[in-house]
Amino acid sequence: MFNNPFGSFQDSVAAAKEDREQLDRLLTVSTPHERLLVAVIGVLSMLLAAWLFFGDVARNLTVDAVIVESGESQQTEGHSIHALAWIRKDFEPQVRAGLPAVVRLVGAEGEVATIGGEIRDISAAPLSGQWAEIELSAPISVRHVKVALDKAPDVEIHAGTKCEIVIDVGRHSPIALLRMR
């Protein structure tokens, strides 16, 4: 009626021994094709590790903004855009004057124009009263961003036009990007 516990244990030990012997036969690399496969996997692993430490990945930051004014600027001797941008506070230290930027103008039908340029100035938007208190606890802050454009825009830009500003904050190794998160 009851199974012999010692008999079942001996059977399981014998089965485990057979499995180990079969595993030893499966892991033996003996043919040239198997050696080539192991070598390729090793080389790919080394290349991946080298790319993680010595590779190069561009890092961009996209912020929502609203155009305050646009036109010719005497300081930059060209066209510029002045916008109010909402930037996450943890990214603020990375945004500074001199960085390349792309302004994407957004209309009712979607993206209207894309214009390259460079950030000329970034400063805090003055808020007062309860708005200043709210900004202290908010995860984003409002900044005045002036972008000197590479060329005159093909479309007319009005105050209040929504846009995105894509800022190139630099190139980093992939492992450095993983550490930033």
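Bear in mind that the values here come from a model prediction, so they are computed numbers and not experimental data.

1. Comments concerning the overall build of the protein
Each helix and strand in the protein was counted, giving four helices and six strands. Secondary structure elements in the protein, listed N-terminal to C-terminal, are α-α-β-β-β-β-α-β-β-α. Each of the 181 residues in the protein was classed as buried or not, and the buried ones make up 25%. Of the contacts formed within the protein by residues at least 6 apart in sequence, a portion of 68% connects residues at least 24 apart. Taken as a whole, the protein presents about 12900 Å² of accessible surface, with 58% of it coming from carbon and sulfur.

2. Quick look at the side chain of His144
Here His144 shows up in strand β5 (residues 140-149). Among the polar contacts listed, one links the side chain of His144 to the side chain of His82, at a separation of 3.0 Å. Beyond its immediate stretch of four places on either side in the chain, His144 contacts His82, Ala83, Leu84, Asp121, Ile122, Ser123, Ala124, Ala125 and Pro126.

3. Considering the side chain of His82
Examined against the element boundaries, His82 turns out to sit in strand β2 (residues 78-88). The exposure class assigned to His82 is buried, which follows from its relative accessible area of 12%. Aside from chain neighbours lying at most four places away, what touches His82 is Val66, Ile67, Val68, Glu69, His144, Val145 and Lys146.

4. Considerations on the pattern of salt bridges
Enumeration over the complete set of coordinates arrives at four salt bridges. Notably, a salt bridge pairs Arg171 with Asp56, separated by 2.9 Å at the nearest N-O pair. Taken as a pair, Arg171 in strand β6 (residues 162-172) and Asp56 in the loop between α2 (32-54) and β1 (57-73) lie far apart in primary sequence, 115 residues in all. For Arg171, a relative accessible area of 51% corresponds to the exposed category. For Asp56, a relative accessible area of 45% gives the class partly exposed. Between Arg120 and Glu118 there is a salt bridge, with the nearest N and O atoms lying 3.5 Å from each other. The class for Arg120 is partly exposed, based on a relative accessible area of 44%.

5. So, the nonpolar core
Of all hydrophobic cores here, the largest spans 25 residues; its most connected members are Val103, Leu105, Ile165 and Ile167. Elements supplying a minimum of two residues to this core: β1, β2, β3 (100-107), β4 (110-124), β5 and β6. Residues within four places of Ile167 in sequence aside, it is in contact with Arg59, Asn60, Leu61, Val63, Val95, Leu99, Pro100, Ala101 and Ile119.

6. Let's talk about the environment of Phe54
Here Phe54 shows up in helix α2. Overall, Phe54 belongs to the exposed group, its relative accessible area being 74%. Spatially, the C-alpha atoms of Phe54 and His172 are 9.0 Å apart, while their sequence positions differ by 118 residues.

7. Section: the environment of Pro100
The topology assignment puts Pro100 in strand β3. Under the relative-accessibility criterion, Pro100 is labelled partly exposed at 42%. Residues Pro100 and Val169 lie 69 residues apart in sequence; the distance between their C-alpha atoms is 8.0 Å. Setting aside anything within four residues of it in sequence, one finds Pro100 in contact with Gly117, Glu118, Val166, Ile167 and Asp168.

8. A closer look at the confidence of the model for the protein
With 80% of its residues at a pLDDT of 70 or more, the protein has an overall mean of 79. Looking across the protein, the model is least confident in helix α1 (residues 5-26), with a mean pLDDT of 66, and most confident in α2, with 91.

9. Notes on a nonpolar patch on the surface
Nonpolar side chains collect at one region of the surface, where Leu36, Val40, Val43, Leu44 and Leu47 lie side by side and expose about 470 Å² of accessible area between them. Classification of Val43 as partly exposed rests on a relative accessible area of 49%.

Cut-offs applied
Residues numbered from 1 in each chain as written. Predicted model: local features only at pLDDT ≥ 70, side-chain atom pairs only at ≥ 80, totals over all residues. Heavy atoms only, no water. Helix = DSSP H or I, 4+ residues; strand = E, 2+ residues; numbered from the N terminus. Buried < 20%, exposed > 50% of the residue type's maximum accessible area, 1.4 Å probe, protein only. Contact = heavy atoms within 4.5 Å. Areas by Shrake-Rupley, 256 points an atom, 1.4 Å probe, with all protein chains shown as cover. Polar contact = N/O pair within 3.5 Å; in protein donor to acceptor, adjacent residues only side chain to side chain. Salt bridge = Lys/Arg side-chain N within 4 Å of Asp/Glu carboxyl O. Core = buried A, V, L, I, M, F, W, Y, C linked by side-chain atoms within 4.5 Å. pLDDT = per-residue confidence, 0-100. Patch = residues over 30% accessible without salt bridge, like charges linked within 9 Å, V, L, I, M, F, W, Y side chains within 5 Å.

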